[in-house]
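Descriptive analysis of the structure
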Amino acid sequence: MSVPQLARSRVSVVQVLVLALLCTLGARLWYLQVHSGTQFQQAAAANDLRTVATAAVRGSILDDQGRPLVNNRTVLEATVDLSTLAQQPHQGKAVLEHLAGTLGVPVEQIEQHARLCSPTVSQPCWTGSPYQPIPVAQDVPPPLAVKIMEEHDQFPGVAVVPAAQRAYPEPYGMQAAQVLGYLSPVSPDELSAPGSSYQPTDMVGRSGLEQSYDKQLRGVSGTSEVAVDNVGRAVRTVSSTAPIAGDDVVTTLDAHIQAIAEQQLAAAIKSARGGWDKNSSAHYKADSGAVVVLDVNTGGVVAMATYPSYDPTVWSGGISAADYAHLTDPGAGIPLLDRAFQGQFAPGSTFKLVTASAMLQDGFPPHGTYECSPSFDIGSQSFHNFEGEAFGPITLKRTIEVSCDTVFYRAAYQMWQHDGGNHPVAHPLDPVQTMAAQYGFGRATGIDLPGEASGDVQTRQEKLATWKQMKDIWCRRAQTGYPEVAGSDPARAAYLKQIAYENCQDGWQFRGGDAVIEAIGQGGILVTPLQLARAYSALANGGTLYQPHLEKAVISPDGHLVSTYQPKVVGHVPVSPATRSFLVNAFEGVAQEGTAAGVFGAWPRDKIAIGAKTGTADVYGKQATSVFASFLPADHPQYAVAMMVSQGGQGAMTSGPAVEKIEEALYGVQNGAINQQAALLPQPPATLPRIQPDGTLVTPADQILPPPYLPPPAYGVSAVLPSFHAPSLHAPSLHAVPPILTAAYYLPERRYADLIRAGLHRGGVFT
């Protein structure tokens, strides 16, 4: 082949290769632009979109007549936009300094809240999106808000917008802080949990009703598709779905009775502290307590007060570390703890309801004669009556009226012996312990609040299980003693060593001493005030054990009924009608001529029959616990009330008078007569509160609406503190304008909250 032919051949090969490449490129372009064009266009568009979640306004918590216990108030929040600040010199540091100076807060505080949270940045920081305006201060007074908006050129990227913040109207001065609960920011684990519907800036109920009904109160977040430019700035909204405001939860609580219960509990504790305990030669400490008012026919909680308590507004806008430390400080009594259903106390003689029921069902004659001696001996142990009292031969009814311990000691010992004593039969009946379980003691009631205590009724099985778990420790302590206690309290150390020795040897046995001491509500018996109130409710209503509850109904923001609570029967106390009738009559006798006669001296018993039982429980190393339980009207029961005060002394002296005052308020008893007009709640309301279609609440005639907004003194500003224990609400999607400040903002706060719910919803979160 000649040279020219070879050259032409090579050029042809190159041409073929080039043509093949062009065909391949063309095919690829056709595939990308025609075949897959739509798919890639959608993918490209997706890179410019961000999903915005708009949190719903949280619903209110109302009492049985519609009085707001928790709702939302409007505050002004200062927010900063990071994308705008990024275009300023030094990332907008001068802007933040000017804002801090205007608000009168340290610039470091503003900077901390404006930074984004990350694994290396802890709170305070912003848990939401960098594209969203970030709240850096709350409760901005209107004059300062107007100044910032008017001088917007000096505050680039800064806005002041209305926001919803949890509020506690406290009608009649009631607080119920532990029952209502509080909010705090959603945690990373909750955000990442499978099926989670939370958004990064969501507030979540952490205790009380806020936690139990978080789903209903929180509502449903709205979503928007927002187009974002190449530097991350939102330029337009592509589509949006409005949020659905949270529902309102109507409770069985009555704000007026709750307020009186709180006041009377505090008064009882104050009164006890003025009393003298001759056993300890000191004033009673009365360090804690609780009272519960139950509807005996439904299990609804009418009032539930605890001491020590606290002001729930401490959570509004975020709680400080110092305040949270106080609420959880054992030295302060742990105010965060609700002793009504989380505190466990020895019930003392109020437990004789159980023992008397067991005796009658076990065959003890109701009209027989019983020996009330000053003491009862088992071997070398001697069990005494209160202050060595003795009434000689008396009836069982009189035994209950005067609360004679030794009669119950003997009966419990006889029942224990019938089960075989120290050598029990194969299946011992244990009548007292079995009856206690039937009355609901020893297990949680199931109330719709988190963290309920179960109490304890020590049984043979429990003693054996405890012994297996503790035997090695007890045996070691039986030898070494308690040197860490001996230095400050030798007597207590010796007592503890003796107990350890006995438990090491035969701590698994349920002995006669265990049986008799439990018969009067001490030893291995611990109950919550809620359990005690429910037990007396079961006696009063004929034996039905209801599950206590606070929910009455759930109502939508526009007033439609979502659901109503149906009372739940969880058991029946196995006492015959004759036994119940006998016991009700005996407890009426306690109020008429027994240990509670002094409490009800002026009570109109001929018009409102009342049953009661006092209790004074000895606690080793402490002063006696004051206990009182009551139900009324005894002939057609409606309410049961139980109060327990730790280190408060006698039930008839401390708890009894306070319970009587609560019952006076319920039925309008004044100076021994009944004033129907003064009766606050002779029976729970049969109807539900009404909410208008526009979201406004039709309040009771006696309810005064909250006052209009007033600026805080000295223009105080509180910073947002978004941490696990420091809840805060975030900026709504409202571009603040002066008309809001000059008009709607000065409406009553409830009405303004309704306006927010109607359309001025809270702001978005980019995800």
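Scoring rules and cut-offs
- Residues numbered from 1 in each chain as written.
- Predicted model: local features only at pLDDT ≥ 70, side-chain atom pairs only at ≥ 80, totals over all residues.
- Heavy atoms only, no water.
- Helix = DSSP H or I, 4+ residues; strand = E, 2+ residues; numbered from the N terminus.
- Buried < 20%, exposed > 50% of the residue type's maximum accessible area, 1.4 Å probe, protein only.
- Contact = heavy atoms within 4.5 Å.
- Disulfide = S-S within 2.5 Å.
- Phe/Tyr/Trp six-rings, centres within 6.5 Å; stacked < 30°, edge-to-face > 60°.
- Salt bridge = Lys/Arg side-chain N within 4 Å of Asp/Glu carboxyl O.
- Pairing = 2+ DSSP bridges.
- Patch = residues over 30% accessible without salt bridge, like charges linked within 9 Å, V, L, I, M, F, W, Y side chains within 5 Å.
- Areas by Shrake-Rupley, 256 points an atom, 1.4 Å probe, with all protein chains shown as cover.

**As for the overall build of the protein chain**
The number of helices and strands found in the protein chain is 25 helices and 32 strands. Taken across its 767 residues, the protein chain has 52% of its residues classed as buried. Here the contacts in the protein chain between residues at least 6 apart in sequence split such that 72% fall between residues at least 24 apart.

**Quick word on the state of the cysteines**
Per the stated rule, a full pass over the model turns up 3 disulfides. One disulfide bridge connects C475 with C504, the sulfur atoms lying 2.0 Å from each other. Taking the torsion about the S-S bond as the criterion, the C475 to C504 disulfide, at about 90 degrees, is right-handed. Linking C475 in helix α17 (residues 460-480) with C504 in helix α19 (residues 490-506), this pair joins segments that are 29 residues apart in sequence. If you count the bonded cysteines of the protein chain from the N-terminus, they pair up as 1-2, 3-4, 5-6.

**Comments concerning the packing of aromatic side chains**
Following the criterion strictly, the structure yields 12 aromatic pairs and no others. Ring plane angle 70 degrees and centroid distance 6.2 Å describe the contact between W315 and Y324, whose orientation is recorded as edge-to-face. In this structure, W315 and Y324 share a single accessibility class: buried. Measuring from centroid to centroid gives 5.9 Å for F600 and W603, while their planes differ by 85 degrees, and the two rings are edge-to-face. Of the residues examined, F600 reaches a relative accessible area of 0% and is grouped as buried. Among the residues examined, W603 registers a relative accessible area of 5% and is labelled buried. Ring pairs connect the aromatic residues Y182, W315 and Y324, which therefore count as one cluster.

**Remarks on the pattern of salt bridges**
If you walk through the whole model with that rule in mind, you get 21 salt bridges. Salt-bridge contacts for D63 lead to R67; the nearest nitrogen and oxygen are separated by 2.6 Å. Relative accessible area serves as the criterion here: at 2%, R67 is assigned to the buried category. In this structure, the salt-bridge partner of K93 is E97, at a minimum N-O distance of 3.9 Å. Of this pair, K93 and E97 both sit in helix α4 (residues 93-103), 4 residues apart, which is roughly one turn of the helix. Judged by relative accessible area, which is 38%, K93 ranks as partly exposed.

**Section: the environment of W467**
One can find W467 in helix α17. Between the alpha carbons of W467 and Q505 there is a distance of 9.7 Å; along the sequence they are 38 residues apart. In this view, W467 contacts W474, N503, C504, G507 and W508; residues no more than four positions away in its chain are not counted.

**Details of the pairing of strand β3 (residues 68-80)**
The buried fraction of β3 is high, at 13 of 13 residues. By the bridge criterion, 2 bridges tie strand β2 (residues 61-62) to β3 in an arrangement that is antiparallel. Bridging from a neighbouring strand, I61 pairs with V70 of β3. Adjacent in sequence and paired antiparallel, β2 and β3 are bridged by 5 residues, among which G66 carries a positive phi angle near 95 degrees. The pairing of β3 with strand β4 (residues 134-137) spans 3 bridges and is classified as antiparallel. Residue T79 lies in a different strand from β4, and its bridge partner there is P135.

**Thoughts on a nonpolar patch on the surface**
Nonpolar side chains collect at one region of the surface, where V14, V18 and L22 lie side by side and expose about 260 Å² of accessible area between them. Within the element layout of this structure, V18 appears in helix α1 (residues 3-35). Looking at V18, the relative accessible area reads 42%, which means it is partly exposed.

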